[in-house]
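One-letter residues, chain by chain:
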Amino acid sequence: MTWKVRQVIDLLERNGWKYIGTRGDHHKYYKEGTMRPIIVPGNKNDDLAEGTFRSILRAAGLKGMKQDK
């Protein structure tokens, strides 16, 4: 199953991550109490690579969640 960048951004925002800026097509999100921001690459309608998706989930502390749309 492929995820769109827009869906991953929505998932992060629902879990308390706040948008802090964009550089090119890399969207930066930060959550209070975390060590570093999460970078989500790509335009909002692009598909996100499976490995990138898993890496974002791991960094956000959402790795164990069910990966449904």
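> Could you clarify how one ought to interpret the pairing of strand S3 (residues 26-30) in this entry?
Side-chain positions along a regular strand alternate between the two faces of the sheet. The two faces of S3 differ: His27 and Tyr29 on one face are buried, but His26, Lys28 and Tyr30 on the other face are not. Alignment of strand S2 (residues 18-23) against S3, held across 5 bridges, turns out to be antiparallel. Bridged to lysine 18 within S3 is tyrosine 30. Where S2 folds back on S3, the antiparallel hairpin that results is connected by 2 residues, among which glycine 24 adopts a positive phi of roughly 70 degrees. Of the pairings in the sheet, the one linking S3 to strand S4 (residues 38-41) comprises 4 bridges and is antiparallel in character. Its bridge partner lying in S4, tyrosine 29 is registered against isoleucine 38.

> What's the story with helix H2 (residues 50-60) in this structure? I'm lost.
Helical geometry note: an α-helix holds 3.6 residues per turn, so side chains three or four residues apart project in the same direction. Along H2, the positions that sit buried rather than exposed are Phe53, Ile56, Leu57 and Ala60. Summarising the axial view, the buried residues of H2 lie within an arc of 100 degrees, below the 170-degree limit, and thus occupy one face. Phi turns positive one or two residues past the end of H2, at glycine 61, with a value near 80 degrees.

> Help me out: how do you make sense of the nonpolar core in this one?
Generally speaking, nonpolar side chains in soluble globular proteins are found buried as a group. Judged by nonpolar contacts, the single largest core of 16 residues is most densely connected at Val8, Leu12, Ile38, Val40 and Ile56. The dominant element in this core, judged by the number of residues it contributes, is helix H1 (residues 5-14), at 5 residues. Not counting residues within four places of it along the chain, the set of residues in contact with leucine 12 comprises Trp17, Tyr29, Ile38, Val40, Ile56 and Ala60.

Each value, and the rule that gives it
Residues numbered from 1 in each chain as written. Predicted model: local features only at pLDDT ≥ 70, side-chain atom pairs only at ≥ 80, totals over all residues. Heavy atoms only, no water. Buried < 20%, exposed > 50% of the residue type's maximum accessible area, 1.4 Å probe, protein only. Helix = DSSP H or I, 4+ residues; strand = E, 2+ residues; numbered from the N terminus. Pairing = 2+ DSSP bridges. Arc of directions from axis to C-beta. Core = buried A, V, L, I, M, F, W, Y, C linked by side-chain atoms within 4.5 Å. Contact = heavy atoms within 4.5 Å.

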